[in-house]
Amino acid sequence: MKNYKLAVVGATGVVGQKMIDVLLEKNLPISEYCFFASSRSAGKTIRFGDDVYLVKELTESSFDEDFDFALFSAGGETSLKYSPIAVKHGCIVIDNSSAFRMDETVPLVVPEVNPDEIFNHNGIIANPNCSTIQAVCALKPLDDTFGIKRIVYSTYQAVSGAGSKGIHDLENGIKKFNDESFEYSLEKFEYPIFNNCLPHIDVFLDNGYSKEEEKMINETRKILGKSNLAITATTVRVPVFNSHCESINVEFENGFELNDVMTVLNSAPGVIVVDDIKNNAYAIPTEVTGHNEVFVSRIRRDFSVANGINLWVVADNIRKGAATNAVQILEKLMNT
Ligand code: A2P
């Protein structure tokens, strides 16, 4: 079996660090690793199992070395600048940023949902937005069985999705709550996130939506292969460190039995149903964090429309919503 050479770009970040954990867990046939970040981190060390690596500054000559694959999670601008350079050197890029997701020539892949798309690439494969990944894992098998007519997303998103600066804002807000004299400046959010809910993720657009909301709508359509599907979304940042929650209202084309919805979700790949309200069993962030699966709870009929259901969908946004999904794509590429 071939032993591959892998670059991780953004290796010091929240997602990059989790990619390292997932790579260690999966033990893929990789013989050489290189960890890149900005000049700020050059020379820092990264522990990878029993080995210690020096972090290298990402530069235009970083890909002069022949990498087989690169995992990028260092923001859109870094991806836009450096992925084409990597591809020119024969490296296949799995990109966690939003830079290429809606590019028609770039597959947008969730391995449980549209695995065959992986192989239609021209050097770049995009990892979808964290909120989209967990939603489509639950929705794809339902769409295949019942035909989805309309989706209403409402999200409750953890601060880890905003990277280390988002985590600092919540940590500092907690310190301030415990010690009034503690002074800090917000690094990421417009308002303190502690004790708050902010209906503002990514920038606002002219049409009144946030970019995060637009991403969920457009990426869901692309992944489900339904370019005109009726979808709306409200995305909200909440003071939770990790794991995103989503309330998803779905209208089907056809009538259905709730038991059949349960059966479909119970056999959906990568999905775990936790739904026993008599025993207060439902998915919550503190229980879901650390898992690679998508958890679905509160499955119930929407009595206000003819063929509707409501779902509560929770996943570790740094694992399944980012690092795990990217490494799953890598694994599929290596297994061919
Ligand atoms: P660094 O730690 O050197 O700033 P997070 O959003 O969780 O903070 O992670 C962002 C990741 O992207 C970090 O690893 C960060 O490196 C990396 N990064 C940011 N800007 C660049 C850049 N211009 N070139 C390479 N890596 C970058």
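See the structure printed just above.
Residues numbered from 1 in each chain as written. Predicted model: local features only at pLDDT ≥ 70, side-chain atom pairs only at ≥ 80, totals over all residues. Heavy atoms only, no water.

Participant: Hey, could you go over the overall build of the chain for me, with residue numbers and the actual values?
Facilitator: Within the chain one finds eight helices and 14 strands. In terms of C-alpha radius of gyration, the chain reaches 20 Å, essentially the compact-globule figure of 20 Å for 336 residues. C-alpha extents for the chain along the principal axes are approximately 60 × 60 × 40 Å. Taking all 336 residues of the chain together, 50% fall into the buried category. For the chain, restricting intrachain contacts to residue pairs at least 6 apart in sequence, the fraction spanning at least 24 positions comes to 67%. Accessible surface, the chain: about 15400 Å² in total, of which carbon and sulfur atoms supply 47%. Counting 31 positive and 45 negative side-chain charges, the chain places the centres of these two groups 0 Å from one another. (Helix = DSSP H or I, 4+ residues; strand = E, 2+ residues; numbered from the N terminus. Rg over C-alpha atoms; globule rule 2.2 N^0.38 Å. Buried < 20%, exposed > 50% of the residue type's maximum accessible area, 1.4 Å probe, protein only. Contact = heavy atoms within 4.5 Å. Areas by Shrake-Rupley, 256 points an atom, 1.4 Å probe, with all protein chains shown as cover. Lys, Arg positive; Asp, Glu negative; His and termini not counted. Charge placed at Lys NZ, Arg CZ, Asp CG, Glu CD.)

Participant: Talk me through the site of the ligand; I want residue IDs and the actual numbers.
Facilitator: Near the ligand, the surroundings consist of 15 residues, among which T12, S38, R40, S41 and S164 are the closest. T12 is positioned with one of its side-chain polar atoms (N or O) 2.6 Å from an oxygen atom of the ligand. Separating an oxygen atom of the ligand from a side-chain N or O atom of R40 is a distance of 2.8 Å. Taking 570 Å² as the accessible area of the ligand by itself, protein coverage stands at 71%. Partitioned by chemical class, the residues of the shell around the ligand number five nonpolar, nine polar and one charged. (Near = heavy atom within 4 Å. Polar contact = N/O pair within 3.5 Å; in protein donor to acceptor, adjacent residues only side chain to side chain. Nonpolar A, V, L, I, M, F, W, Y, C, P; charged D, E, K, R; others polar.)

Participant: Explain the sheet that holds strand β10 (residues 230–237) to me, and be specific about the residues and the numbers.
Facilitator: Strands pair in a sheet through their backbones, by hydrogen bonds, and they do so in one of two ways: parallel or antiparallel. Pairing is mixed in the open sheet, where six strands are placed in the order β10-β9-β11-β14-β13-β12. Each of the sheet's edge strands pairs with one partner strand only, and the pair in question is β10 and β12 (271–273). Each strand of the sheet is rotated relative to its neighbour by a mean of 25°, with strand direction disregarded. Summarising the sheet, strand β9 (residues 148–157) and strand β11 (residues 244–252) pair through eight bridges and their orientation is antiparallel. Paired with Y153 across the strands is I248, a residue of β11. Along the sheet, helix α5 (residues 211–224) contacts β9, β10 and β11; its crossing angle with β10, the most-contacted strand, is approximately 140°. Most of the contacts of helix α6 (residues 258–266) go to strand β13 (residues 294–302), to which it runs at about 170°, and overall it touches β11, β12, β13 and β14 (308–315). (Pairing = 2+ DSSP bridges. Axes fitted to C-alpha atoms, helices over the stretch in contact; angles between N-to-C directions.)

Participant: Please give an account of the pattern of salt bridges that cites residues and values.
Facilitator: Taken as a whole, this structure holds 15 salt bridges when the rule is applied. Notably, a salt bridge pairs K5 with E65, separated by 2.9 Å at the nearest N-O pair. Of this pair, K5 sits in strand β1 (residues 4–9) while E65 sits in the loop between β5 (56–57) and β6 (69–72), placing them 60 residues apart in sequence. Judged by relative accessible area, which is 14%, K5 ranks as buried. The class for E65 is partly exposed, based on a relative accessible area of 31%. If you follow the salt bridges from partner to partner, you end up with K5, E32, K56 and E65 in one network. (Salt bridge = Lys/Arg side-chain N within 4 Å of Asp/Glu carboxyl O.)

Participant: So, α6: which residues are in play, and what are the values?
Facilitator: Every buried residue of α6 is accounted for by V261, V264 and L265. Seen along its axis, α6 keeps its buried residues to an arc of 95°; they face one direction. Facing away from the buried surface of α6 by more than 90 degrees, the exposed residues are N259 and T263. Contacts made by the buried residues of α6 are with α3 (130–146), β11, β12, β13 and β14. (Arc of directions from axis to C-beta.)

Participant: Quick one: what's the story with a positive patch on the surface, residue by residue and with numbers?
Facilitator: Taken together, R40, K44, K165 and K188 make up a surface patch of like positive charges. Among the secondary structure elements, R40 is positioned in the loop between β2 (30–37) and β3 (45–48). (Patch = residues over 30% accessible without salt bridge, like charges linked within 9 Å, V, L, I, M, F, W, Y side chains within 5 Å.)

Participant: An account of the packing of α3 against helix α8 (residues 319–334) is needed here, citing residue identities and associated values.
Facilitator: At their nearest, the axes of α3 and α8 sit 8 Å apart, and the two run at 85° to each other. Classified by the angle their axes make, α3 and α8 are roughly perpendicular. When α3 is examined against α8, the residues C130, I133 and C137 are found in contact with a partner set consisting of K320, G321, A322 and N325. Partitioning the contact of α3 with α8 into residue classes produces four nonpolar, two polar and one charged. (Parallel < 35°, antiparallel > 145°, perpendicular 65-115°, else oblique.)

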